[in-house]
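# Structural characterization, general
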Amino acid sequence: MNDCVFCKIGAGDIPSTMLHKDEDVYVIADINPKAPTHLLIIPLEHVGALTDDAPGRTAVLGRMVEVASEMAKQEGIASSGYRLIINQGPDSGQEVPHLHLHLLAGRRLGAMG
Ligand code: AMP
Ligand code: ZN
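Residues numbered from 1 in each chain as written. Chains lettered and ligands numbered in written order. Predicted model: local features only at pLDDT ≥ 70, side-chain atom pairs only at ≥ 80, totals over all residues. Heavy atoms only, no water.

This part is about the overall build of the protein. Helices and strands together make up the secondary structure of the protein, namely two helices and five strands. Along the protein, helices (α) and strands (β) appear in the sequence α-β-β-β-α-β-β when read from the amino end. Projecting the C-alpha coordinates of the protein onto the three principal axes gives extents of approximately 35 × 30 × 25 Å. For the protein, contacts bridging at least 24 residues in sequence account for 52% of all contacts bridging at least 6. Accessible area of the protein: about 6,900 Å², with a carbon and sulfur share of 52%. (Helix = DSSP H or I, 4+ residues; strand = E, 2+ residues; numbered from the N terminus. Contact = heavy atoms within 4.5 Å. Areas by Shrake-Rupley, 256 points an atom, 1.4 Å probe, with all protein chains shown as cover.)

It is worth spelling out the coordination of the zinc ion (ligand 2) at this point. Summarising the metal site, the zinc ion (ligand 2) is bound by the protein donors C4 (SG), C7 (SG), H46 (ND1) and H98 (ND1), whose distances to it range over 2.0 to 2.3 Å. Taken together, the four donor atoms coordinating the zinc ion (ligand 2) span angles of 102 to 117 degrees at the metal, a pattern that classifies the geometry as tetrahedral. (Donors = N, O, S within 2.8 Å, 3.2 Å for Na, K, Ca; no water. Tetrahedral: all angles 85-135°; square planar, octahedral: opposite > 155°, others 65-115°.)

A full pass over the atoms with the stated rule returns four salt bridges. The shortest N-O distance in the salt bridge between D22 and R63 comes to 2.7 Å. With D22 in the loop between β1 (20-21) and β2 (25-29) and R63 in helix α2 (residues 57-75), this residue pair connects regions lying 41 residues apart in the sequence. Side by side, D22 and R63 carry an identical accessibility label, which is buried. Where R63 meets E66, a salt bridge forms, and the shortest distance between an N and an O atom there is 2.7 Å. On the criterion of helical spacing, the pair formed by R63 and E66 is a turn pair, its members being three residues apart in helix α2. (Salt bridge = Lys/Arg side-chain N within 4 Å of Asp/Glu carboxyl O. Buried < 20%, exposed > 50% of the residue type's maximum accessible area, 1.4 Å probe, protein only.)

All right, on to the site of ligand 1 then. What surrounds ligand 1 is a group of 15 residues, the closest being D30, E95, V96, H100 and H102. Take I31: an N or O atom from its main chain is 3.1 Å from a nitrogen atom of ligand 1. Computed on the free molecule, ligand 1 has an accessible area of 500 Å², of which 86% lies beneath the protein chains in the complex. Looking at the shell around ligand 1, the elements with two or more residues in it are α1 (5-11) and β2. Here the residues of the shell around ligand 1 sort into seven nonpolar, six polar and two charged. (Near = heavy atom within 4 Å. Polar contact = N/O pair within 3.5 Å; in protein donor to acceptor, adjacent residues only side chain to side chain. Nonpolar A, V, L, I, M, F, W, Y, C, P; charged D, E, K, R; others polar.)

Here it is, written out as structure tokens:
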């Protein structure tokens, strides 16, 4: 998608510091962190709404969670704990309409809601 910021970052059209990149996903630090550690695990391929049918999406979601767990170990927060979040749609406050997984850690995150 031409105007999608996460597609552009994945393609290298917008410069970024990638903490991880493989053939499926990449990881960047969130530009507006909500916790001491706030990473975004993002599929290279554009996946729009989580509720749309998309071939291969189950595998991509699995890979995103797997990479999140690898990043938690790499960042040294695997045992202190972390939270994984996917926002979908207006009520979630989703800003970027390209599937991504937030990894938040480094402080007590408090109740959900
Ligand atoms: P969401 O609300 O789930 O769509 O989350 C989108 C996240 O992307 C927000 O937390 C933003 O701070 C973050 N974000 C937007 N643009 C960038 C960027 N260029 N680099 C890093 N993070 C970004
Ligand atoms: Zn995209």
